[in-house]
Amino acid sequence: MELLDEGVAVMANELRFKTAQDLFMACPAIARDMRALPTEQQSIEFCRDLLAGRVPEEAITFCAYLLPDRAAVWWAHECLSHLSELLDGTDHELLAYVRDWVGEPDSHRPAVSQAEATPPTTPGAWIARAAGWRDNGSFIVGSVVGAEAPSALQPFPAAHAINAGVLAGLARVALVDRFAVLSAFVEMGIQMAEVEALRQSADAYLQPP
């Protein structure tokens, strides 16, 4: 399964968190989506340890939070695209909206916002929800809140929906194949992060003093 292609590399925006601890401090909501405790390990090393651990699905969760929202939406789109035979027509339609939005967010925001209204009960619906509300920064399952929402509402970031969508798709894979597919998804997310880390390093080097 060749998951990393030129489109994935282009969509990787930036590796925001150098260590797992950095990510957990910046995105406390991740602690509600996974049980593993953060360490001072480099983020990619921590992610690979999750994949090799007792709950490898948490590596999917970590990738969803590690990548910037737009890149993470594209990663999720690519993951689900490799499960196309397991998705229904509605999910295919929603993923098409997501694909178009990633390419041109301003032009396709109305369509994705309409798609986002679909209850998040399928993999594609979760990803459409993440795409439709990523600019708002957070949402609550069943309703959407803006940045001004009271903290008592415990809003979730778009990464929560991305994680839910990828895991929902993964749950449809035959058990005998599931770990191999999960591993491929995680490696794609890691490669996206690594490509961008190299790009950021090159950009910093080329900038004039």
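Each value, and the rule that gives it
- Residues numbered from 1 in each chain as written.
- Predicted model: local features only at pLDDT ≥ 70, side-chain atom pairs only at ≥ 80, totals over all residues.
- Heavy atoms only, no water.
- Helix = DSSP H or I, 4+ residues; strand = E, 2+ residues; numbered from the N terminus.
- Buried < 20%, exposed > 50% of the residue type's maximum accessible area, 1.4 Å probe, protein only.
- Lys, Arg positive; Asp, Glu negative; His and termini not counted.
- Salt bridge = Lys/Arg side-chain N within 4 Å of Asp/Glu carboxyl O.
- Expected span 1.5 Å × (residues − 1).
- Contact = heavy atoms within 4.5 Å.
- Axes fitted to C-alpha atoms, helices over the stretch in contact; angles between N-to-C directions.
- Parallel < 35°, antiparallel > 145°, perpendicular 65-115°, else oblique.
- Nonpolar A, V, L, I, M, F, W, Y, C, P; charged D, E, K, R; others polar.

## Side note on the side chain of Glu58
Now for step 1: Along the chain, Glu58 turns up in helix H4 (residues 57-66).
Now for step 2: With no salt bridge to any partner, buried Glu58 finds its closest opposite charge in Arg35, at an N-O distance of 6.1 Å.

## Describing helix H5 (residues 69-81)
In an α-helix, one full turn covers 3.6 residues, which means residues spaced three or four apart are oriented alike.
Now for step 1: Look at H5: 18 Å from first C-alpha to last across 13 residues, which is about the 18 Å you get at 1.5 Å a residue.
Now for step 2: In terms of burial, H5 is largely enclosed, as eleven of its 13 residues are buried.
Now for step 3: Buried within H5 we find Asp69, Ala71, Ala72, Val73, Trp74, Trp75, Ala76, His77, Glu78, Cys79 and Leu80.

## Notes on the environment of Asp91
Now for step 1: With respect to the element layout, Asp91 can be found in helix H6 (residues 89-103).
Now for step 2: Asp91 sits in the buried class, given a relative accessible area of 0%.
Now for step 3: Separated by 31 residues in sequence, Asp91 and Thr122 have C-alpha atoms that sit 7.2 Å apart.
Now for step 4: Each residue touching Asp91, except ones within four places of it in the same chain, is listed here: Thr122, Pro123, Gly124, Ala125 and Arg172.

## Points about the packing of helix H3 (residues 43-51) against H4
Now for step 1: In contact at an axis separation of 7 Å, H3 and H4 are set at 155° when each is read in the N-to-C sense. In terms of orientation, H3 and H4 fall into the roughly antiparallel class. Contact with H3, carried on its side by Ser43, Phe46, Cys47, Leu50 and Leu51, involves Glu58, Ala59, Phe62, Cys63 and Leu66 of H4 and no other residues of that element.
Now for step 2: Residue composition of the contact of H3 with H4, by class: eight nonpolar, one polar and one charged.

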